[in-house]
Amino acid sequence: MKQILKRLIGQTFPRLQAYSRIRHGFTDRHGRQPNLLFPTTFSEKVQRRKLLDRDPRLPRLADKIAAKDYVADKLGKDWIIPTLWSGTQLPEQPAWPIPFVVKASHGSGMNAFVRRPDELDWPKIRALSTQWLANRTYGSWGGEWLYSQIPPRLLVEPFMGDLSTLPLDYKLWVFAGRLAFIQVDVDRETAHKRTMFDADWNEMPFTTGWPKADRPLARPASLPAMIAAAETLGADFPFVRVDLYEIDGSPKFGELTFYPDSGWARFDPPHWDLEIGKLWR
């Protein structure tokens, strides 16, 4: 009876279910309940967006396949990493030159990298991709509405950059079309670290979710183009994180993120959560 009632509540009052998950998840990670009526911190405003914002553009723009057409229209095709294949079931044998990447379109962390022949365990990758597509409730754990609206699909892209490591992630935080700062994630396969920079590549005195990198990070050659592109893509939204790469000196689009870390990553020092929240109007 309890399970039946829970299912009925989830079907009839989906936002009530999302509210419960948002409130409990936030409290577990931040040590306090979120103020959803009058949010002030960045983390609280992410929770409000998850619960209340049903902008129909968001699912399309978070879809790793569909977003490419949107970004190509805005920035040009040179910004796009080509799609070698897309669909709902991988072929029995790969038909693409190594190196390549297999991804799911409807969430994060669902990737298989084939950089060298010894990483080509195709039966394992096919089994993983089946699990990804079966996960039709990605993001529900955090009340992340938009992912429930993305049709689960697969895509294959060429692997870009140095084969010895994943390319640096440049994640540009944009508020109403204006860059606030740039998050750079390094060592994602080993000991994940994260450093924040301003538009002039000065290191900022905070991080979120992960410790700062333990080494200097060079300013990307294409930084001005990255900033201009991110501000173009973010012009119509109160907040969006624009994720980019730099490959052989040229910027490439990664994805658009509307719920960074589900708003659950803690800022260090904590007062920066409020300072960044002031930018989201």
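Since we're looking at a predicted model, the values are computed, not measured.

About the criteria used
Residues numbered from 1 in each chain as written. Predicted model: local features only at pLDDT ≥ 70, side-chain atom pairs only at ≥ 80, totals over all residues. Heavy atoms only, no water. 1 Å grid on protein atoms, 1.4 Å probe; cavity = no way out; pocket = protein on both sides within 12 Å on 5 of 7 lines; lining within 4 Å. Points joined across faces, edges and corners; volume = space filled by probe spheres on them. Helix = DSSP H or I, 4+ residues; strand = E, 2+ residues; numbered from the N terminus. Axes fitted to C-alpha atoms, helices over the stretch in contact; angles between N-to-C directions. Parallel < 35°, antiparallel > 145°, perpendicular 65-115°, else oblique. Left-handed = near helix turned anticlockwise from the far one by under 90°. Contact = heavy atoms within 4.5 Å. Nonpolar A, V, L, I, M, F, W, Y, C, P; charged D, E, K, R; others polar. Buried < 20%, exposed > 50% of the residue type's maximum accessible area, 1.4 Å probe, protein only. Pairing = 2+ DSSP bridges. Arc of directions from axis to C-beta.

Colleague: Summarise the layout of surface pockets; cite the residues concerned and give the values.
Modeller: Size it by volume and the largest pocket reaches roughly 990 Å³. Taken together, 40 residues make up the lining of the largest pocket; nearest its centre are Ser-108, Gly-109, Lys-171, Arg-188 and Glu-255. Those elements that place two or more of their residues in the lining of the largest pocket are strand S2 (100-104), strand S3 (111-114), strand S4 (154-158), strand S5 (169-175), strand S6 (178-186), strand S9 (240-247) and strand S10 (250-257). Of all the elements, S10 adds the most residues to the lining of the largest pocket, at four residues.

Colleague: Hey, could you go over the packing of helix H2 (residues 14-30) against helix H3 (residues 42-52) for me, with residue numbers and the actual values?
Modeller: For the pair H2 and H3, the least separation of the axes is 10 Å and the interaxial angle reads 165°. Taken as axis vectors, H2 and H3 run roughly antiparallel relative to one another. Between H2 and H3 lies a crossing of right-handed hand. Taking contact as the criterion, the partners of Arg-15, Ala-18, Tyr-19, Ile-22, Phe-26 and His-30 in H2 are, on H3, Ser-43, Glu-44, Gln-47, Lys-50, Leu-51 and Leu-52. For the contact of H2 with H3, the per-class residue count stands at six nonpolar, three polar and three charged.

Colleague: Residues and numbers for the pairing of strand S7 (residues 193-197), please.
Modeller: The buried fraction of S7 amounts to five of the five residues, a majority that puts the element mostly inside the structure. In terms of strand pairing, S6 meets S7 through five bridges, oriented antiparallel. Paired with Ile-182 across the bridge in S7 is Phe-197. Where S6 folds back onto S7 in an antiparallel hairpin, the turn is made up of six residues, including Asp-187, whose phi is positive at roughly 55°.

Colleague: Can you explain helix H7 (residues 223-233)? Please cite residues and give values.
Modeller: An α-helical turn contains 3.6 residues, so any two residues separated by three or four positions project in the same direction. Buried within H7 are the following residues: Leu-223, Met-226, Ile-227, Ala-229, Ala-230 and Leu-233. Considered in projection along H7, the buried side chains sweep an arc of 165° and stay on one side of the axis. On the buried face of H7, the contacting elements are helix H5 (66-75), S5, S6, S9 and S10.

Colleague: Explain the sheet that holds S5 residue by residue, including any values.
Modeller: What the five strands build is an open sheet, ordered S7-S6-S5-S9-S10; its pairing is antiparallel. One side of each edge strand has no neighbouring strand; the edge strands of this open sheet are S7 and S10. Mean inter-strand twist for the sheet, computed between neighbouring axes without regard to direction, equals 25°. Summarising the sheet, S5 and S6 pair through seven bridges and their orientation is antiparallel. Counted as the bridge partner of Trp-173 is Phe-181 from S6.

Colleague: An account of unusual backbone geometry is needed here, citing residue identities and associated values.
Modeller: Omega for the bond connecting Ile-98 with Pro-99 falls within 30 degrees of zero, at 10°, which places this linkage in the cis form. Locating Pro-99 in the fold gives a position in the loop between strand S1 (85-87) and S2. For the bond from Asp-268 to Pro-269, the omega torsion is 0°, close enough to zero to count as cis. Tracing the chain through its elements places Pro-269 in the loop between strand S11 (267-268) and helix H8 (271-277). One non-glycine residue, Asp-261, lies in the positive phi region at around 50°. The topology assignment puts Asp-261 in the loop between S10 and S11. Despite not being glycine, Ser-262 shows a phi value in the positive range, around 60°. Tracing the sequence through the fold places Ser-262 in the loop between S10 and S11. On the basis of relative accessibility, which here comes to 2%, the residue Ser-262 falls in the buried class.

Colleague: Tell me about empty space enclosed by the protein, residues and numbers included.
Modeller: Scanning the entire structure with this criterion turns up three cavities of 30 Å³ or more. Put simply, the largest cavity is a space of about 80 Å³. Every residue along the wall of the largest cavity is listed here: Lys-64, Lys-68, Ile-80, Ile-81, Lys-103, Glu-157, Tyr-245, Phe-253 and Gly-254. Residues of the lining of the largest cavity, tallied by class, amount to four nonpolar, one polar and four charged. Of the pockets and cavities examined, the second largest cavity occupies roughly 50 Å³. Considering the residues around the second largest cavity, the lining is formed by Phe-42, Ser-43, Trp-173, Thr-208, Pro-260, Asp-261, Gly-263, Ala-265 and Phe-267. In the lining of the second largest cavity, the residues fall into five nonpolar, three polar and one charged.

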